[in-house]
Amino acid sequence: MTEAEANRSSEPAMLTGRMLIAMPGMGDPRFEHAVVLLCEHSTEGAMGLMVNKSNIDLDMPTLLAQLDIDASADLSSHRVHFGGPVELGRGFVLHSSDYATESATLEVSDEIHMTATLDVLEDIGHGRGPSVWMMALGYAGWGPGQLEAELMQNAWLVCDGSNRLIFDLPDAEKWEAALETLGVAALALSSEGGRA
């Protein structure tokens with residue numbers, strides 16, 4: 001096996017836990033200036049959550065009330081995020097590694113986990129959940145080879161996932177901050193990609 005073949009065969013697993021940064025002019029307005037944490041990536045496809053698009057019409061107290069979950073914690077400052085255009089009624093909680101359920105928590109990276117059950121929402125509602133978290137409805141999904149093709153077409157840049165980018169920064173700052181981790185200025189980007 002050549003070195004290039006070895007790199008290609010190991011690339012999908014390496015993108016789990018990394019972040020996609022939408023390039024200008026990618027052509028899909030749902031992903032304009034999107035930052036997507038890849039929660040899973042394999043030869044079977046990829047699944048990720050947008051971390052910088054709040055749902056302006058839905059906050060956590062409203063969502064928990066819709067789910068008949070009593071909440072004693074003050075969650076009024078927590079917005080629900082638009083995780084992506086697939087299965088908009090399905091919820092996901094990205095959170096710190098200090099919380100896990102026995103069978104339903106996916107370890108995205110050492111620092112970032114994802115849980116998609118009502119248990120985590122009940123725990124958050126009662127102040128027993130993870131120390132930092134983000135709720136998202138819907139997800140971004142790619143079939144086998146689809147994400148790799150989009151990367152080859154310069155639709156995305158890839159950077160390391162970080163708690164700071166996901167949980168600490170205001171949504172409006174995350175796209176430029178993700179670019180800065182690569183040493184790229186937003187004004188320098190063109191929607192036209194090239195090859196050396």
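The rules behind each value
Residues numbered from 1 in each chain as written. Predicted model: local features only at pLDDT ≥ 70, side-chain atom pairs only at ≥ 80, totals over all residues. Heavy atoms only, no water. Buried < 20%, exposed > 50% of the residue type's maximum accessible area, 1.4 Å probe, protein only. Helix = DSSP H or I, 4+ residues; strand = E, 2+ residues; numbered from the N terminus. Pairing = 2+ DSSP bridges. 1 Å grid on protein atoms, 1.4 Å probe; cavity = no way out; pocket = protein on both sides within 12 Å on 5 of 7 lines; lining within 4 Å. Points joined across faces, edges and corners; volume = space filled by probe spheres on them. Nonpolar A, V, L, I, M, F, W, Y, C, P; charged D, E, K, R; others polar. Salt bridge = Lys/Arg side-chain N within 4 Å of Asp/Glu carboxyl O. Contact = heavy atoms within 4.5 Å.

1. Here we look at the pairing of strand E2 (residues 35–42)
- When you tally the buried positions in E2, you get six out of eight residues, the bulk of the element.
- When strand E1 (residues 18–22) meets E2, the two strands line up antiparallel, connected through three bridges. For Ile 21, the partnering residue across the bridge sits in E2 and is Val 35.
- Alignment of E2 against strand E3 (residues 45–50), held across six bridges, turns out to be antiparallel. The residue of E3 that forms the bridge with Ser 42 is Gly 45.

2. Re the layout of surface pockets
- Considered as a void within the structure, the largest pocket measures approximately 240 Å³ in volume.
- Taken together, 14 residues line the largest pocket, and the ones lying closest to its centre are His 78, His 81, Trp 133, Met 134 and Phe 167.
- Those elements giving two or more residues to the lining of the largest pocket turn out to be strand E5 (79–82), strand E9 (133–142), helix H5 (163–168) and helix H6 (171–181).
- Tallying contributions element by element places H5 first for the lining of the largest pocket, with three residues.
- Residue composition of the lining of the largest pocket, by class: six nonpolar, four polar and four charged.

3. With respect to the pattern of salt bridges
- If you walk through the whole model with that rule in mind, you get five salt bridges.
- Here Arg 128 makes a salt bridge to Asp 123, at a shortest N to O gap of 3.3 Å.
- When its relative accessible area of 18% is taken as the criterion, Asp 123 is described as buried.
- For Asp 171, the salt bridge is made with Lys 174, and the minimal N-O distance between the two is 3.0 Å. Note that Asp 171 and Lys 174 are positioned in helix H6 at a spacing of three residues, about one turn of the helix. Each member of the pair Asp 171 and Lys 174 is classed as buried.

4. Details of H6
- Considered for burial, the residues of H6 that qualify are Asp 171, Lys 174, Trp 175, Ala 177, Ala 178 and Leu 179.
- Gly 183 sits one or two positions beyond H6 and adopts a positive phi of about 75°.

5. Observations regarding the side chain of Ser 96
- Along the chain, the position of Ser 96 falls in strand E6 (residues 86–96).
- Since its relative accessible area comes to 7%, Ser 96 is described here as buried.
- Setting aside anything within four residues of it in sequence, one finds Ser 96 in contact with Glu 111, His 113, Pro 130, Ser 131, Val 132 and Phe 167.

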